[in-house]
Number of protein chains: 2
Amino acid sequence: MTPSAELKIAVIGVGLIGRAWAITFARTGRHVNLWDPDAGACRRAKEFIATILDDLAENDLLDGRLPADVLVLITACTTLEEALNGSGWVQECGPEKIDVKRALFARLDELSHPDAILASSSSALLPSAISEDLKGKHRCLVAHPINPPYLIPAVEVVPASWTAPEIMTAAELFLTSVGQVPIIMKKEVDGFIMNRLQGALLEEAFRLVANGYASAEDVDRGIADGLALRWSFIGPFETIDLNAPGGIADYIQRYQPMYSELFEQMRERVAWDGPVLRDVLQSRRRLLPESDLADRQVWRDRRLMRLRAHKSEVDKELSR
Amino acid sequence: MTPSAELKIAVIGVGLIGRAWAITFARTGRHVNLWDPDAGACRRAKEFIATILDDLAENDLLDGRLPADVLVLITACTTLEEALNGSGWVQECGPEKIDVKRALFARLDELSHPDAILASSSSALLPSAISEDLKGKHRCLVAHPINPPYLIPAVEVVPASWTAPEIMTAAELFLTSVGQVPIIMKKEVDGFIMNRLQGALLEEAFRLVANGYASAEDVDRGIADGLALRWSFIGPFETIDLNAPGGIADYIQRYQPMYSELFEQMRERVAWDGPVLRDVLQSRRRLLPESDLADRQVWRDRRLMRLRAHKSEVDKELSR
């Protein structure tokens, strides 16, 4: 069953990620059931959600709905059975521990409607490890958001080898229907797509600082005022496709020799917690004292809201 | 001499990069002299510049000036001597060939005011290779833009070992004064900062496609609707600094083991022009036929204009 608009969505575990998913689903008009093994957690989650909804409304990010009309779609359930009842999509957001996930998925597989899709928010555990012993393992996958999903649309959708192709198709349709951008993996791999790409960039960033070529601050500026501008609306492949007269094949012919030489110099690992950490920390803490981290996270989310609004507006006007 | 506001700027070579630099400098009210060994090039450059200025004015990216008031600041010179006369900053934009650059820099060193700063736009040639034989090598450096600099503010400033520290300081001040964001290298290295970071990300992007994990299209979406959103205003170091409760040191402690495992799987080189190229090309040409590349470049620059306007607006409102 495709998790159609009549079906509810269950969010299991309502910490940081579960709360964010609830907002993401409910703002598109979907009914969301929350459940958490901690009895008071759902009430606290709804209080938190209410504050975020006001911010989102101000930035026109509630799909035209009023905060109260979104909040009323979110139901705190007292039992797992109740949360799963009538749910066609189950978004698991428990702790990132394999034993906990396996035990939780066993219960989800047992108690949910047999056609519901069971999606884990895991950022690092492979879907095969979570689902291998389950009768319903064909309907299990990972749907890993970048937090918070109501501001960052990309969601990695990762199958185990036994995840049914029609489940992957249904997951893609469903996530698109709630305004997200599904990034479809064809097979699972450690780190999925996001952490591998982020890791590759970070490793070179740490290397540049470790080898004394630039400060962490200048590397951040080089990305924020340089490379990431194009990446933020077309990604790295299209960027180079547009950077040579004959497109990406032409680009590769022109520049692969230069990159190949660089890669020879980029093979040695950098210990991120080695001597470079002192430099990076000094740079970061001079720009932002540790006591200001929480305020800066709020600021970052406000910037993300504005950026998302900007992108929607320009997408409409200039297409993609 | 710091290239003060009374001094002119010389742009030597008026192809794609030289034209873009001329716009970047002139829109902040600076007098710009153009020179090119090809006699008709300066006239063609001014025609091209006029069309871009109209676009920039529409997007409020001319520092409050009218296109005609910017255009009048740009003078086509018939001799190199004339272009260098009264110039405190010389931006060399010749072909990316070491012999040509060396010969050109020898003339610049001979003919320019001895206190002028001589900056090459080179993306790959090291400043030491360009300037080693010059009497005025202490005043030579690379100032490498990401094209076009009037839309992408980051400029890599790269010294040779003999570049004077006060020249680096003056370059930083000058580039800031014309609205750019100087990214200061402490010493030269192949690929500078940008191409090393871009190369690291691209290599992993090609690897994901080559190994059958995802399509090029999905990798681009993962960056454009995922990772690059935060990178586009805070960069990768600040992103992870805000992604763990205790900041970047806490992040490293939590996630370095995961990344270390990934890096072991990321050591083997990918031939970008190997079998993966067929998949990437198929994906790109399906989304964008080769005949549409030029139109798409125009579209990209319009998106960049809007993004730059968005960032300026939000920078003012929410600071950085």
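Given the structure is predicted, the values throughout are model-derived calculations rather than measurements.

**Student:** Help me understand the overall build of chain A in this model?
**Tutor:** The secondary structure content of chain A amounts to 12 helices and 8 strands. A compact globule built from 320 residues should have a C-alpha radius of gyration of about 20 Å, and chain A, at 21 Å, falls within 12% of that. Along the three orthogonal principal directions, the C-alpha set of chain A runs to about 60 × 45 × 40 Å. Relative to its full complement of 320 residues, chain A shows a buried share of 61%. Considering only intrachain contacts with a sequence separation of at least 6, the fraction spanning at least 24 residues in chain A is 69%. Put simply, chain A shows about 12,300 Å² of open surface, and 52% of that area lies on carbon and sulfur atoms. Looking at chain A, you have 37 positive and 46 negative side-chain charges, and the mean spots of the two groups are 1 Å apart.

**Student:** Honestly, the UniProt feature "domain: 3-hydroxyacyl-CoA dehydrogenase C-terminal" (unreviewed entry) in chain A in this entry has me stumped. Any pointers?
**Tutor:** The feature "domain: 3-hydroxyacyl-CoA dehydrogenase C-terminal" (unreviewed entry), as given by UniProt, occupies residues 191-266 of chain A in the numbering adopted here. For residues 191-266 of chain A, helix accounts for 79% and strand for 0%, while the C-alpha atoms at its two ends are 20 Å apart.

**Student:** Explanation requested: the interface of chain A and chain B in the structure shown.
**Tutor:** A common way to state how big an interface is: give the accessible area lost once the parts meet. At the junction of the two partners, chain A supplies 114 residues and chain B supplies 114 residues. Taking both sides of the interface into account, the surface hidden between chain A and chain B amounts to around 11,400 Å²; carbon and sulfur atoms contribute 65%. Between chain A and chain B we count 18 salt bridges in total. Here B:D315 ties to A:R303 by a salt bridge, and the two come within 2.7 Å at their closest N and O atoms. Put simply, chain A and chain B have 52 residue pairs in polar contact (both at pLDDT 80 or more) between them.

**Student:** Hey, could you run me through the relation of the copies chain A and chain B in this one?
**Tutor:** Copies of the same chain, two in number, are related to each other by a rotation about an axis and a translation along it. Rotating chain A by 180° about the axis while translating it 0.0 Å along that axis superimposes it on chain B, leaving an RMSD of 0.0 Å. These values place the two chain copies in the arrangement generated by a two-fold rotation axis. A symmetric contact is evident, with 100% of the interface residues of chain A recurring at the interface of chain B.

**Student:** Looking at this model, I keep getting lost on the packing of helix 9 (residues 216-241) of chain A against helix 9 (residues 216-241) of chain B. Mind explaining?
**Tutor:** For any two helices packed against each other, one specifies the crossing angle of their axes together with the interaxial distance. Between helix 9 of chain A and helix 9 of chain B, whose axes approach to 7 Å, the crossing angle comes to 160°. As the angle between them shows, helix 9 of chain A and helix 9 of chain B are arranged roughly antiparallel. Helix 9 of chain A and helix 9 of chain B meet at a crossing whose hand is left-handed. When its residues are assigned to classes, the contact of helix 9 of chain A with helix 9 of chain B shows 22 nonpolar, 4 polar and 4 charged.

**Student:** I tried to follow the sheet that holds strand 5 (residues 117-120) of chain B on my own but got confused; where do I start?
**Tutor:** As a general point, the strands of a sheet are linked pairwise by backbone hydrogen bonds and lie either parallel or antiparallel. Residues and elements named next belong to chain B. The strand order across the open sheet built from 8 strands is 3-2-1-4-5-6-7-8, with neighbouring strands paired in mixed fashion. With one partner strand each, in any of the chains shown, strand 3 (74-76) and strand 8 (181-184) form the two edges of the open sheet. Adjacent strand axes in the sheet meet at a mean angle of 25°, parallel and antiparallel pairs treated alike. Both strand 5 and strand 6 (residues 140-145) contribute to a ladder of 3 bridges, which runs parallel. Note on strand 6: the bridge partner recorded for L118 is C140. Packing of helix 5 (residues 98-111) onto the sheet brings it into contact with strand 1 (8-12), strand 2 (32-35), strand 4 (87-92), strand 5 and strand 6, and relative to strand 5 it is tilted by some 165°.

**Student:** Explanation requested: the packing of aromatic side chains in the structure shown.
**Tutor:** The geometry of an aromatic ring pair comes down to the distance between the two centres and the angle between the two planes. All names here are of chain A. For the coordinates displayed, the defined rule picks out 23 aromatic pairs over all chains. Aromatic side chains F206 and W272 sit 4.5 Å apart centroid to centroid with 15° between the ring planes, which places their arrangement in the stacked category. In this pair, F206 is assigned in helix 8 (residues 194-210) and W272 in the loop between helix 10 (248-264) and helix 11 (275-287), connecting sequence segments 66 residues apart. For F206, a relative accessible area of 0% gives the class buried. Of note, R19 hangs over the ring of F48, and the distance from its end group to the ring centre comes to 5.1 Å.

**Student:** Is there a simple way to explain the side chain of B:T239 in this structure?
**Tutor:** Tracing the backbone through its elements, the reader meets B:T239 in helix 9. If near-sequence neighbours (up to four positions away) are discounted, B:T239 is found in contact with A:Q198, B:R230, B:W231 and B:I234.

**Student:** Is there a simple way to think about the environment of A:Y255 in this case?
**Tutor:** Of note, A:Y255 is situated in helix 10. We classify A:Y255 as partly exposed; its relative accessible area is 30%.

**Student:** I'm lost on the pairing of strand 5 (residues 117-120) of chain A in this one. Help?
**Tutor:** Working note: regular strand, side chains alternate between the two faces of the sheet. Residue and element names in this part refer to chain A. Both faces of strand 5 are covered, namely the face carrying I117 and A119 and the face carrying L118 and S120. Relative to strand 5, strand 4 (residues 87-92) runs parallel, the two sharing 4 bridges. Bridge pairing links Q91 to A119 in strand 5.

**Student:** Got a minute to help me understand the sheet that holds strand 2 (residues 32-35) of chain A in this structure?
**Tutor:** If you trace the 8 strands from one edge of the open sheet to the other, you get 3-2-1-4-5-6-7-8 (chain A), paired in mixed fashion. If you trace the sheet from one side to the other, it starts and ends with strand 3 (74-76) and strand 8 (181-184) of chain A, each paired once. Along the sheet, successive strands turn relative to each other by an average axial angle of 25°, direction set aside. In this fold helix 9 of chain B packs onto strand 7 (154-159) and strand 8 of chain A, with an angle of close to 140° to the strand it touches most, strand 8 of chain A.

**Student:** Would you explain the pattern of salt bridges in this entry?
**Tutor:** Opposite charge on two side chains permits them to pair, given that their charged atoms come into close proximity. Under the counting rule described, the total for this entry stands at 52 salt bridges over all chains. The salt bridge involving B:E313 is made with A:R306; its shortest N-O contact spans 3.1 Å. With B:E313 in helix 12 (residues 293-318) and A:R306 in helix 12 (residues 293-318), this pair bridges two chains. With a shortest N-O distance of 3.7 Å, B:D279 and B:R278 are connected by a salt bridge. Exposure remark for B:D279: the relative accessible area of 33% places this residue in the partly exposed category. By sharing partners, the salt bridges in this structure join A:E238, A:D241, B:R284, B:R285 and B:R296 into a single network.

Rules used in this analysis
Within every chain, residues take consecutive numbers counted from 1 along the sequence as written. In the order they appear in the text, chains get letters beginning with A and ligands get numbers beginning with 1. The model is predicted, so local features are restricted to residues of pLDDT at least 70 and side-chain atom pairs to those at 80 or more, both for listing and for counting; the totals for chains, interfaces and linings are taken over all residues. Only hydrogens and water are set aside when side-chain values are computed; all heavy atoms of the structure are taken into account. Elements are defined by DSSP. Helices are runs of H or I of four residues or more, strands are runs of E of two residues or more, and each kind is numbered from the N terminus. The reference for a compact globule is 2.2 Å times residues^0.38; the radius of gyration itself is calculated from the C-alpha atoms. Think of it in three bands: residues with accessible area under 20% of the maximum for their type are buried, residues over 50% are exposed, and the middle band is partly exposed, with areas taken using a 1.4 Å probe on protein chains only. Throughout, a contact is declared for two residues whenever any of their heavy atoms are within 4.5 Å. Computed with the Shrake-Rupley method and a 1.4 Å probe, the accessible areas treat only the protein chains shown as cover for residues. In this tally, Asp and Glu contribute negative charge and Lys and Arg positive charge; neither His nor the terminal groups of the chain are included. Charge placement uses NZ in Lys and CZ in Arg. For Asp and Glu, CG and CD serve respectively. UniProt positions are given in the numbering used here, feature names are shortened, and annotations may be inferred rather than shown by experiment. Simply put, the buried area is the total loss of 1.4 Å probe accessible area from both parts when two parts are fitted together. In the sections that follow, a salt bridge refers to a side-chain nitrogen of Lys or Arg positioned within 4 Å of a carboxyl oxygen of Asp or Glu. Each polar contact in these results corresponds to two N or O atoms within 3.5 Å; when the atoms are within protein, one needs to be able to donate a hydrogen and the other to accept it, and residues that are neighboring in sequence are counted only if both atoms are side-chain atoms. For this overlay, a least-squares fit was computed on C-alpha atoms, restricted to residues scoring pLDDT of at least 70 in both copies. Axis geometry follows a simple rule: fit a line to the C-alpha atoms, using only the stretch in contact for helices, then measure angles between N-to-C directions, giving values from 0 to 180 degrees. Any angle between 65 and 115 degrees counts as roughly perpendicular, while under 35 counts as roughly parallel, over 145 as roughly antiparallel, and the rest as oblique. Handedness of a helix crossing follows the sense of rotation of the near helix relative to the far helix, less than a right angle counterclockwise being left-handed and clockwise being right-handed. Put simply, Ala, Val, Leu, Ile, Met, Phe, Trp, Tyr, Cys and Pro go in the nonpolar bin, Asp, Glu, Lys and Arg in the charged bin, and everything else, Gly too, in the polar bin. Note on pairing: two strands pair once DSSP finds at least 2 bridges between them. The aromatic pairing rule takes the rings of Phe, Tyr and Trp, using the six-membered ring of Trp, and pairs them if the centres are within 6.5 Å, calling planes under 30 degrees apart stacked, those over 60 edge-to-face and the rest tilted. Whether a charge sits over a ring comes down to the Lys NZ or Arg CZ being within 6 Å of the ring centre and within 35 degrees of the ring normal.

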